Structures are given as C-alpha cells and as structure tokens.
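# Overview (structure and organization)
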Amino acid sequence: TMMGFEKLLLQGIPFTRLALGPESEVQLSDLAGNAMSVPVITACMLAGICSFQLRREQKSIEKVNLRNFALSQKYDHANGSVLAERGDLYGAKLSTTKDFAEVFAKIGDNLAVDAFRCSVLCNCESSGQTSPDEKVLECSDCGLGICHACTSRHQIGSHSLTEIITSETKRPNPHEFEMKLRCAAPSVLVLGKAWEDTIPEATGLESYSFQLQRVDRMRGHWLLTYGAWEDHGSGRQVAEIRVALGQIGALQKELGVAAYVKCFSPAIRHDNPKRGVLGDSARLILRTKGQSIDVESATWEVKGAKPTKSSLDIVGSDPTDSTRIQVGLNDDAAKALKSHSAQKKFTKNFPKSRNSLLHYHKKWKTWPGTIVVSGDENEASVNGTYKKMSCEHSIVLSALWRRDETDDSPALYLYLRPDVMRTDLDVAVISTTPSYRDNMEICELKDWIPENTLVEGTHSTNVRFLSWEPAPSLKLAVHEPTMAIEKRSKPFHDQVDTSKSDSSPILCEMSGLSNEVMASILQNCTDDGNSDVVTIDLYRKMGSQNAKKLSIVAAPSLLKYAAEGLLPLDLLRWYKLAQPEKGFGLCETNYPSRPVEKWTAVKSIAKRGKTTTESVKYEREFDAKESSDFYQKLMNRPSAFEASINKASGRLIIRMNPLVAGHQAAAHLVRGRGLGEDFVRSIDVSYSLSELSRMGEPKTKEFHVPNSDAFEETPVDGMELPLYSRQAKALTRMRDIEAGKVDFNEEERSEHTLNGIGWGLF
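My aim in this report is to walk through the structure given alongside it, one point at a time. None of the values given here were measured: they were computed from a predicted structure.

## Concerning the overall build of the protein chain
- Along the backbone of the protein chain there are 19 helices and 34 strands.
- Dimensions of the protein chain, computed from the C-alpha atoms along their principal axes, are close to 95 × 80 × 65 Å.
- Counting only residues that meet the buried cut, the protein chain has 42% of its 762 residues in that class.
- For the protein chain, the proportion of contacts with a sequence separation of at least 24, taken over those separated by at least 6, is 66%.
- Per element, the accessible surface of the protein chain, about 43,200 Å² overall, is 50% carbon and sulfur.
- Taken together, the 95 basic and 100 acidic charged side chains of the protein chain have centroids lying 6 Å from each other.

Here it is in structure tokens:
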C-alpha cells in the first residue's frame, strides 16, 4: 500500500511545496486521486497509441526473455533463479523455533472474533473509518455487508439481509486492535526442511526469513503479509506468506486462521517467465471447532501438479432476464455490434472460442434461472441443481447461482471470476464461497457463458478441477529475530532540551545487526570508512531506496516494539515543549526567512485611435542570489528524524528532534504579522508521535456558524432609518470583537514522517 504523499509524487505533484496542514493519510490519498496530472494523462495517451503494436505482438511478449532486460550482476549464471546463498539464513543455525500452527491457533482463539468484528463489514469502512451505526447486515445469498445507515443509500431490495452485528455487540476500535495484533503476531517466519523437496518453485527458500511487512484491515478479516527478499533486502522479493485472521471465506460461520504461501520464482526467472495471475503454492486452514481452533486435523496442502481436465453437462432452464436486459440494452445494441466489421489486425490474436467475442449470443436476452450440473464422478462432486440468486450490484454481472447445502454436501456457488487486469476473458468457476476474493474455487468452466446452458449444442463444457493435495511433511516455523530493541530507561521527553536547536535524543536503538545487514542498509550511503557511526539518507537523493531497505529489515521489529508500548514515550499523547530563548517560529535554521520581495513599476502606453492611454503595472521580483541561498537553506534544514548505524556495535539508532516540527509549525503564526515578543511567548507548542496507519479518518462534527441572536441590540443615533433588529445585534457583536472581548484560537500543525518505518511526528 502506498502512502498519500507517494501517490502525489507519482503524479508529479511535489507534496513538499503544498500548503498542507493536519491532513490524514486518507485525505492525502483522496487528494492524489482527485488531482489531474498532465504527465499521467500523457502516459495514458502514449499507452493508447502504443496499444495497436502491443496487440500485434501479444504472443511474442508472452515468450520474452527477461535476460535481455536485466542488469548485469554477480548471479547472472543462475538465469534469474532463486539461490539459497542469497538468503539471510544461508549457513546460519536457527535458534529455538515454534510451530506456526500452534502459535497462530492461540492468536486465533484470543483474537479471531474481534478480528471479524472490527474488520471492514461495510463499504463505508473501506477508507479506514468505522461505521457509527451499531447494526451491520449481511446478505445470506451473496455475502454483501452493509451497515444500517447505508441501507437508505443503496438498492438492497434484491438481497436477503440479516443482522450479524447488533446494538448489543461491541465492535473493537480497529486501530487499537491493530496494535494488539502486532503485539501477538510474530515478526519473522521461516520455512521447514521439506518445502524445497515438495514444491519445485520453492527451491532455495528455506534459506530466507519472512519479515512481517503489512497489517491490513480487510473485508471480514485482518491480513498479515510476510515477505522474503534477496541479499538482506537489497535484492528482489522472492516469496510472500499471507495470514488471514477472522472470517476465512464469505458466509462461512466458522472463524479461524488461513495461511497462503506464494513463490515468485516462476515470474522472475529469465527463461520462459510465467505471465498472468500467479497462484498460491501452498495453504493451511485452521478452523474453529467448538470453542477453540482445531490444530490436530489441519494440514498443509499444495496444489496438484496438473489440474484434472474433464467435461460436464450444464443444462439451464427457467429463463430470466439477462443482465444486459436489466440495464436497458435493446435490439439496437445487438444490431450495431453485428453490423460492425472489426479489422483483422485487432482480432488475429483473439483466443479461440465457441462464443463470439464481437457480438451478442443469440440467446443474449435470457439467462437460466436454474442450472443442472451433471457428469462429475469425483467423490466431492459438483453435480446438482443451482438456483440463480436475485442479488444485484454485488456480484460480477449479477451472475450467481447456488447449490443449497445438504447433510451430505456443502453449498456451492457458480459465478464469473473477473480478470481484474483485463488481460484475458472472465472465467466461470464453481466455488465453496460466493466471492472470488476468497480463492476457494474448485472448478473452472472453460469457454462458458450463461447463454450456453440454453442451447442444446453447448450443454457439454470442458472444465478444469483445481485440486489441493495434503502435504503433512510441510512445516512453517516462528523464528525469534536476531535483532532486539533496547529499552530506554529515561523518558524521551525529559531528554528534550529546547535551549539547543539540534537537540535530537535517541528514540530507540536496535542491536544485533549482522555485517551483511549493515552492508545492505549502507549500500547507498556516504561512508568514508573512518567513522563508526554512519547516517542513513532517508530524505534526499537515495532516500526512497534506503527507506525500502529499512522497511524490510527494521520496521517489523520497531513497529512490534511500539505496539507493545515499550517506546520511551506514549504514542498519540501530546507533550508540551518549553519555550526556547528566542521563542518558537523564529529559528532561521529550522525555518529560514524568505527573500524580500521587490515591486517594480512597469509603464505601458496603449494607443487606440487618437487616444493614448498610459498604465502602470507592478511586477514582483526576487533577487536571484537570495533565492538560491534560500533554496539551499531549505535543503539543509535539519530533519525531525535521523537514522544511523553504529558499525562497531551493530546498532541501528533512531533519533527524533521535536523542535524541528515545533519551529516550522509556529513560524506560520509568528512570521510577517508585526506581533510583539509577548505574542511569541504566548504560543503553546506540543508534539506527538504516531503511526500513520493509526491516524485513520479525522473525527468530524457538525459545523455550526455562530450568530448574533444572543446579543443585545446597539442603538445608533442620527440615522434616517433605524437598523433592523438582527443588524443591531450584529453590531453589538462586532464591537465586542474590536474591544477584545472575543477570543480566537489559531492552530498550526507540522507533520514529519520517518520514511521506511511509518512513524509520524506532529
């Protein structure tokens, strides 16, 4: 997930020059989304121009050799394969490890219910906030979740809604739950000894550790993402492990834990790289049985070597209106498509299909209300009668058929799985849940659309069964990180000295960095070799690359450390700073003064016929040298955060200077207003440390504009017509303002981010 300022930068918008205030991450993301950027528009135009040639060369692109585009490096002989010697655990002896299933079973027992309750249960919660409504409803047919307040703004007549969160259910605060989850979840995972022998694409991965990178609030569950990188974070990402806590699939009553392992080697190898969707290589599902998660019956599963291909008879009846009819399309649309003649250069690479890709099917007006599937001889058969659900706007093309649950067989769903990247056709699948996001498909229907069930000649359909095979030899372990955070004995706020502008007390220290880890982090840093302490550039030329490495190597442990409340200050708490000698906002080092503007009179004479008009315009000018000096001072301003490495002791040191934020915020209140020293001394400056992910949506209240109804009327003598009553009251209020009887509070904020970690100083 990108941060708001990163989205602005991708559009060519320099966020450092924007007059931003206390905007949250959500608001910055919305700002980037609503902004119109000419470079982005131009890139889209160029992509459209190039799309013709791209379509012509589509087949050759699939067989591209990445070696032609890869930079020359040490391991070229491997042709892009994942090598064990590039892993951070290569040749290392692991300390005592714990079994993944046992560790996360305890986490699931304690947190699975809360994880579901504070997950995204309505679309209004997808931006980070939580619905203020106490009731949340769920469709028992398609799994749509919606809060009671949103029901008045959506068409819900086609859904069968029941309450899943009542007014008696207390939903945890998602930001507090994230901290609790970070405390409970391990920071590092490692693969066992049987992975490379069982899964071909897992070759070399047993020498890599998987670091916790993201904690995301998802629909129905929370998702932990662990990543493995080559060369201690400076190389490619080679695999990931995703752990879901809460509801494993839509409409599934049992909560639990699901783990998925995805290997990237098929996509990053140079020879014949895989293109398209890269599926998971293995999975483990821990379901609740009774009051706790059942660990004994759970086992790792791997995808079958080759999916089983077969054919099914899929027969439809009880015709109903198709989606095209429901949205209002008529015969004119069908005739227009049929009469259009597409150029062959655009269609020569179309996939072969029994259904036309250029015009509608002859039965396009109707879809089957009932589908009967037969021909499956497997033990877990998909045979049966599937009824169309009435749900609209929550399923792709509103196409959802369900086989009801019985004592002998679970409920199954038939729907269209979309190709989100739009590089291929949508595929019809049969799944155990009604959502394609759950990745629970058990069967793919090849070259099938609902209209095929209504024509006898297309009842027989080729299918591909997606099987998962048990692999009890696979084990995933929880590894204790070698790096540890040293607890500070003295509170951070007591170390802040406002008499020194460069006061940067140590916020935290991480020990146990190996020589390889330090070399990876300092790869792009200036190191003369003589100093033991090297500063890490996080904000200038190599800032983004260094921040990425820091996020991989150090962020998991630091964020867990902060979640446990072990930092020398409390997150989200405001600490008041003592006034420095010169006062806040007047420090030239932290907030240099702008060059003095000069206004030059420019005369112009315009002749129109016999009339001559002389006008004077004033143009603002700045001295070029003063402007250059001002720019250099801005670039050399101290940063609020400083990260450095002590090579001798193997420590990562994080320092924080609250005075930087204090001076920059106060400068907007005291500069250029002609106010005296007493006013400067009256300013209260406080600072707070927070995680950007915890900021969420700002608390908004109704905005009330004060009026003058409560004031007495002020009479005005000598007027020809008297003031209206409301005018006389407003006059009283204005006179009170001029007399200083009305107080106005001004507030300015300055935000500073520790790149790579996700902490913010305010």
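## Things to note about the sheet that holds strand 13 (residues 308–321)
- Strand order in the closed barrel made by the eight strands is 13-14-15-16-17-18-19-20, with antiparallel pairing throughout. Sheet twist, expressed as the mean angle between neighbouring strand axes with direction ignored, is 30 degrees.
- The pairing of strand 15 (residues 384–388) with strand 16 (residues 400–403) spans two bridges and is antiparallel. Across the sheet, residue Lys387 finds its bridge partner in strand 16, namely Arg402.

## Thoughts on the environment of Val113
- By the element assignment, Val113 lies in helix 5 (residues 100–117).
- On a C-alpha basis, the gap between Val113 and Ile241 in space is 22 Å, while along the polypeptide they are 128 residues apart.

## Re the nonpolar core
- Counting 56 residues, the largest nonpolar core has Tyr226 and Trp300 as its most contacted members.
- Element by element, the count of residues in this core is highest for helix 5, at ten residues.
- Ala555, Ile757, Trp759 and Leu761 belong to the second-largest nonpolar core, a separate cluster that totals 53 residues.

## Examining helix 5
- With 18 residues, helix 5 should cover 26 Å at 1.5 Å per step; its first-to-last C-alpha distance of 24 Å lies within 8% of that length.
- Along helix 5, the largest kink reaches about 55 degrees and is centred on Leu111.
- For helix 5, the full list of buried residues reads Phe100, Ala101, Val103, Phe104, Ala105, Ile107, Gly108, Leu111, Ala112, Ala115 and Phe116.
- Of the residues flanking the start of helix 5, the one acting as N-cap is Asp99, its side-chain oxygen 3.2 Å from the backbone nitrogen of Ala101.

## Here we look at the pattern of salt bridges
- Taken as a whole and assessed by the stated rule, the structure comprises 26 salt bridges.
- Close ionic contact of Arg573 with Asp570 constitutes a salt bridge, the shortest N to O distance being 3.5 Å.
- With a relative accessible area of 43%, Arg573 lands in the partly exposed category.
- Residue classification places Asp570 among the partly exposed residues on the basis of a relative accessible area of 41%.
- Each of the salt bridges in this network shares a partner with another, and the network as a whole consists of Arg86, Glu230, Asp231 and Arg236.

What counts and what doesn't
Here, residues in each chain are numbered from 1, in the same order as that chain's written sequence. Predicted model: local features are reported for residues with pLDDT of at least 70 only, side-chain atom pairs are reported and counted for 80 or more only, and whole-chain, interface and lining totals are derived from all residues. Note that water and hydrogens are dropped before the side-chain values are worked out from all heavy atoms of the structure. Only DSSP runs of H or I covering at least 4 residues are called helices, and only runs of E covering at least 2 are called strands; the numbering of each starts at the N terminus. For the exposure calls, accessible area comes from a 1.4 Å probe over protein chains only, and a residue counts as buried if that area is under 20% of its type's maximum, exposed if over 50%, partly exposed in between. Should any heavy atoms of two residues lie within 4.5 Å, those residues are counted as being in contact. Values of accessible area rely on a 1.4 Å probe in the Shrake-Rupley scheme; residue burial ignores everything except the protein chains shown. For the charge count, each Lys or Arg is scored as positive and each Asp or Glu as negative, with His and the chain ends excluded. Think of each charge as sitting on NZ of Lys, CZ of Arg, CG of Asp or CD of Glu. Strand pairing follows a simple DSSP-based rule, namely that at least 2 bridges must link the two strands. Only the stretch in contact is used when a helix axis is fitted, and all axes are lines through C-alpha atoms; the angle between N-to-C directions ranges over 0 to 180 degrees. Only buried residues count toward a nonpolar core, which is a set of Ala, Val, Leu, Ile, Met, Phe, Trp, Tyr and Cys residues joined through side-chain atoms within 4.5 Å. Multiplying one less than the number of residues by 1.5 Å gives the expected span of a helix. Two axes enter the definition of the bend at a residue: one is fitted to the seven residues ending there, the other to the seven starting there, and the bend is the angle between them. Two N or O atoms count as a polar contact when they lie within 3.5 Å, although within protein this holds only if one can serve as hydrogen donor and the other as acceptor, and sequence-adjacent residues are included solely when both atoms are side-chain atoms. Any carboxyl oxygen of Asp or Glu within 4 Å of a side-chain nitrogen of Lys or Arg constitutes a salt bridge here.

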